[in-house]
Amino acid sequence: MASSDRPAKRSKMENGGGSSAAAPPGPPPSKPVHSAAKENPYLSHLPPEQRFTRGDAEGSERGAGPLANGRSGNPLDGFIPRQVVGSQVRSVMEGGINPFSITPTPFSKKYKDILNKRKELPVYAQMDEFYEKFQESQTMVMIGETGSGKTTQIPQFVAYSDLPQTRKVKGPDGVLAPRMIACTQPRRVAAMSVAKRVAEEMDVSLGKEVGYTIRFEDATDRRTTFLKYMTDGMLLREAMNDHNLERYSCIILDEAHERTLATDILMGLLKEITARRKDLKLIVMSATLDALKFQKYFNDAPLLRVPGRTFPVETFYTQEPEPDYLEAAIRTVLMIHQAEDPGDILVFLTGEEEIEDACRKIKAEADDLASKSPDLCGPLKVVPLYSSLPPAQQQRIFEPAPAALYEGGPPGRKVVISTNIAETSLTIDGIVYVVDPGFSKQKVYNPRIRVESLLVSPISKASAQQRAGRAGRTRPGKCFRLYTEKDFISELIEQTYPEILRSNLANTVLELKKLGVDNLVTFDYMDPPAPETIMRALELLNYLGAFDDEGNLTPLGEIMAEFPLDPQLSKMLIVSPEFRCSNEILTIAAMLSVPNVFLRPNFAKQQADAARAEFAHPDGDHLTLLNVYHAYKTNCPDPSTGSNWCWQNYLSHRSLIQADNVRSQLQRTMERFDLDLVSTDFSSKDYYTNIQRALTCGFFMQVAHKEGGSKGSYTTIKDNQIVSPHPSSCLSHSPEYLLYHEFVLTTRNYVRTITDVRLEWLVEYAPAYYNTMNMEGEIKRQIMALEQRKGKKDKKKKDTQG
DNA sequence: GAGCACTGC
C-alpha cells in the first residue's frame, strides 16, 4: 500500500545491529584474554552429565513397548508406517505404566491431572484424523490456529506412533541411540519452554527422554532423548554435517508461516531429503490459512486443520485515513480509556523512540484526565515494550493494572506500547483492546548497493490478523485499526514477504553449498530469491576465497561455513593466526556479533560520550571494541558482579556477557580446526597493524575512499556511494581509506564501526579485487602509482642483490 | 552530530 491515502510516515532506515565506538584505560593486557566463561550459565540447573550430548557411551536395547507389534531385528523395520489408531494410543495414555520413561515407571498423579487438561485441547479431539493422515503419507501439512495445542501435542502423537525409544539404532558414530523426533521453533525461548512443558506432560525428565537444543545449550542425552525441540537454525547446522539427517525419524517444522530464513531453507532441503529417505516423516505446521501454499509445495500432501481456542475479537476501522498514525494511536488509547469497559490495551508502534515518545504523551494526557474527572477516568499505567529494554523493565508488562484511586472509583487500566515483539515473541494475558496503526519496521535488502536496511512499512493482512488476535486471549476483545477497511482489503498484502526475499544471502548461500546443494539457482525454494541477490552473494564468496571460479566450495569455504558468523567475519578469523592476532580478532568478531555495547541514555549523553572516549583507539572503532572487551575482562573477572562497572562506564552488561559467550563458542570452533590462538607482543609496533591487516582480509569489499575536496566526505569503492563516518565513531583523523563494518541509511548515508586501512594492504591481501583492471578513476591511479613504486623498489633490491 | 523492528547460528 503506502500509496495515496495511507498515512505517510517519514521513512526511517537503519542497518542491522552493530556497534559503534570509544581511549584505552592503559594498554590492554599483552597476555591474551581468554574467555573466563567456562561454565555456561544457561546450564547451571542441570547436573554435569546432562549438559552435553554424550558421544561415546553404549546404550542398552530395551524391550519393545506396548505398541511395537512384531518388530524384528531389522533396524529399518521400526520405521515402516504402522497402523496405530487413536484408541490404542489413548489406552496407553490412560494406562498405569509410562512407556516412555527409561525404566518402567507408573504414571504420577500429576501426569493424570495434566492429561485431563490435554484432553480439552482442540487437537486432542482430532487424534484419529491425525493418525489417518500421518500414516497415509510421508509428508503432511497442518494448520493449527492459536490455542489448538499443536506444538505440545503433535510431537507426542508422533512419539506414540513410533515409540522410538524402544528402538535404538547404531548411528554413523557407532553410538546406540534412539531415532529422534525433532520439532523446530523459530525462537530459543519457545524451544526451551515447550520442551519443559512436554517433559512434564509425558512424565519424564527434561534433558533425558525429552530435551531441547539451542545455541549455547544442549539439554539432550544422546542415548535416551527421542523427542527434541530445537531452533530451526540449529537443525540447519546439524544438516550441514549430516545431509540426510539420519538421526531423525520424523521432523516437525513448527511456525512455518513465519517463514524465517532457516525454515525456508529447511523446507527446500527436507523436500529433497524425504525423496531420498522414505523412512523420514515430515510434518509442516502453520498457523495461517496460507497452508494451501504449503500443501501445494509439498506435492499435495494431506492437510489437517485444527481450530484454535480463542475469543472473538470485534474489529473497527477508521472512516478516513489517518494522516498521523502516532497522534491517532494516542487519541485512540485515551478514547478507549474513557469510554470502554475495563481491560488492558496493547498498542503496536514501530520503534524505541516512537514508543518512548508515545508513552510520555499518553501518560501526560491520562494524568490530566484523571485529575480533571476522577469520577470518570481511572489511573492509567503506561508500559513500553521493545527488545533492547532491560529484562527487568520488560517484566513490567506482566504487572497488574493499577487499582482504582479511591474505593468505588473507576478502575485503573494498563496500556502496553510495543514493537512487533508482542506480535509473535511475547504474549501478554489480559489484553482486551488492540490499537493497530498498520506499520512495522521491516528489513529490506537492496542488492544493487548491497545494503540491508530497516524501513517503516505497512504490515500484511496476516500480521494485522495476528495483532487483532492478541485482544482475544482471555475474553472477547476489540481491535481498532487506524486505517480504512478499504485500505485493509485493497492495499495490504496477504502475507509479509518471507525473509529470504528481504535479506542479504551471503551467509545462506555459503550454508546451502555446505548442505550439499549443487545448484543454488535451481534449488526448490518456496519463494525463489532475486537472481541478483544470489549473484551478489556468490561474488562476495568468490572474492573471499570461499568459492572457486566454478562456484564450488573451497577448503577455506568449508571451514568458513562452520562459524556462526557472516562470511567476512569468518574469513578474517580464519586468517588471523597468520597475522599473529587470532586472540584479538576473536574478540573483535564477538563484539561485532552482539548488540551495541555503548549505552547513551537521553539524560546523560555527554557523560556517556565521555565514558566512551576513555576506550577510544585513534585508529578506529574495531580497536576500540577490543579495548572495551579487555577493560571489561580486567575489571569484571566475575560476570555476575560486573554490572556496576559496566553501568559506571556506560556499557551494556548484557551485550558484554553475550560477547563473552559468543567468543567462547568461536574459540571452540577455532580449536576444532586447529587454528592457533596467538597474539603479537603488545609492545611490538605491529600489534595493532596486524589486527588491521586481518580485518582487511575479510572486509576489503567494505572500504571507502576520501573524496579529494571536502573534508570528511568519503565514497565507497565500487558502488560510489557518498558516505560520512558515523558521528559515534572514535576514529580521530580522516584516513585516505577506511574500512567499515556496516553501511547505515538514516538521515544520511553513514558508515559505522570504521577503521583506518592502507591501500598497500588492500592490494596485497585482495589482489583480485584491487587491481587496475577492476578499478577506475582515482583509485586506479593510486594502485598504478603503488605498483610503480613497488616495481622500482624491487628492481633496486634486485640490482643491489645482483 | 546520531538512534537496535525481530529472530537465529
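Residues numbered from 1 in each chain as written. Chains lettered and ligands numbered in written order. Predicted model: local features only at pLDDT ≥ 70, side-chain atom pairs only at ≥ 80, totals over all residues. Heavy atoms only, no water.

The following threshold applies: UniProt positions are given in the numbering used here, feature names are shortened, and annotations may be inferred rather than shown by experiment.
The name recorded for chain A in an unreviewed UniProt entry is RNA helicase, from Tilletiaria anomala. Check the Sequence similarities (unreviewed entry) section of the UniProt entry for chain A; it says "Belongs to the DEAD box helicase family. DEAH subfamily. DDX15/PRP43 sub-subfamily."

## Details of the domain arrangement of chain A
The cut-off we apply is this: Where each domain begins and ends follows an automated or database-derived domain assignment.
Domain boundaries assigned for chain A yield domain 1 (86–306), domain 2 (313–501), domain 3 (504–562) and domain 4 (700–799). Inter-centroid distance (C-alpha atoms) of domain 1 to domain 4 is 52 Å.

## Some thoughts on the UniProt feature "domain: Helicase C-terminal" (unreviewed entry) in chain A
Let me state the cut-off plainly: By the criteria applied, helices consist of DSSP H or I runs no shorter than four residues and strands consist of E runs no shorter than two, each listed in order from the N terminus.
Look at the UniProt record and you will see "domain: Helicase C-terminal" (unreviewed entry) annotated at residues 329–516. Counted over residues 329–516, helix gives 34% and strand 23%. Its end C-alpha atoms are 49 Å apart.

## Some thoughts on the environment of leucine 695
Just so we agree on the cut-off: A simple rule labels every residue: compare its accessible area, found with a 1.4 Å probe on the protein chains alone, to the largest value its type can have, and call it buried under 20%, exposed over 50%, or partly exposed in between. When checking whether two residues touch, look at their non-hydrogen atoms; a contact exists if any pair is within 4.5 Å.
Position of leucine 695 among the secondary structure elements: in helix H26 (residues 686–699). Here leucine 695 falls in the buried class, since its relative accessible area comes to 0%. If we skip the residues at most four places from it in the chain, leucine 695 touches Met572, Ile585, Ile588, His622, Leu739 and Thr755.

## Brief notes about unusual backbone geometry
With phi around 55°, glutamate 255 is a residue other than glycine that occupies positive phi space. You can see glutamate 255 is positioned in the loop between strand S10 (248–253) and helix H9 (261–276). Here the phi dihedral of arginine 259 falls at roughly 50°; this positive angle occurs in a residue that is not glycine. Here arginine 259 shows up in the loop between S10 and H9. You can call arginine 259 buried: its relative accessible area is 7%.

## Points about helix H20 (residues 567–575)
The element H20 is largely enclosed, with a buried count of nine among its nine residues. Among the residues of H20, those classed as buried are Pro567, Gln568, Leu569, Ser570, Lys571, Met572, Leu573, Ile574 and Val575.

## Points about the pattern of salt bridges
Quick note on the threshold: Salt bridges are identified by distance alone: a Lys or Arg side-chain nitrogen within 4 Å of an Asp or Glu carboxyl oxygen.
By the definition in use, this model includes 43 salt bridges. Put simply, lysine 271 and aspartate 524 hold a salt bridge, and the shortest N to O gap is 2.6 Å. Placement of the pair is lysine 271 in helix H9 and aspartate 524 in the loop between helix H17 (506–514) and helix H18 (531–543), with a sequence separation of 253 residues. Of the residues examined, lysine 271 reaches a relative accessible area of 19% and is grouped as buried. Overlapping salt bridges, with partners in common, bring together Arg259, Asp264, Lys293 and Asp527 in one network.

## Focus on the sheet that holds strand S8 (residues 217–219)
We apply this condition: At least two DSSP bridges between two strands are required for those strands to pair. To obtain an axis, a line is fitted to C-alpha atoms, over the contacting stretch when the element is a helix, and the angle between two such axes runs from 0 to 180 degrees between their N-to-C directions.
Read across the open sheet, the eight strands follow the order S8-S7-S9-S6-S10-S11-S3-S12; overall the sheet is mixed. Strands at the two margins of the open sheet, each flanked by one partner only, are S8 and strand S12 (303–306). Taken pair by pair, the neighbouring strands of this sheet meet at an average axis angle of 20°, ignoring direction. Where S10 meets strand S11 (residues 281–286), four bridges bridge the pair, whose relative direction is parallel. Within the sheet, the bridge partner assigned to leucine 253 lies in S11 and is valine 284. Here helix H6 (residues 150–162) sits on the sheet and contacts strand S3 (139–144), strand S6 (180–185), strand S9 (227–231), S10 and S11; the angle it forms with S11, its principal contact strand, is near 165°. H9 rests against S3, S10 and S11 of the sheet, and its axis sits at about 150° to S10.

## What about the nonpolar core?
Using the following cut-off: Here, the term nonpolar core denotes a set of buried Ala, Val, Leu, Ile, Met, Phe, Trp, Tyr and Cys residues that are joined through side-chain atoms within 4.5 Å.
Among the nonpolar cores identified, the biggest contains 118 residues, and Ile251 and Tyr770 are the most heavily contacted of them. Broken down by element, this core gets its largest block of residues, eight residues, from H9. Ignoring anything within four residues of it in the chain, the contact list for isoleucine 251 reads Ala182, Leu235, Leu245, Leu270, Leu280, Lys281, Leu282 and Ile283. The next biggest cluster of nonpolar side chains, apart from the first, holds 44 residues, and it includes Phe100, Val194, Ile252 and Leu304.

## Focus on the sheet that holds strand S22 (residues 714–716)
Strands sit in the order S21-S22-S23-S25-S24 around a closed barrel of five strands; the barrel is mixed. Put simply, the sheet's adjacent strands are angled 50° from each other on average, direction ignored. Sheet analysis places strand S24 (residues 737–745) next to strand S25 (residues 749–757), joined by eight bridges and oriented antiparallel. Bridge pairing in S25 places tyrosine 740 opposite isoleucine 754. Across the sheet, helix H23 (residues 621–635) lies against S24 and S25, angled at about 80° from S25, the strand it touches most.

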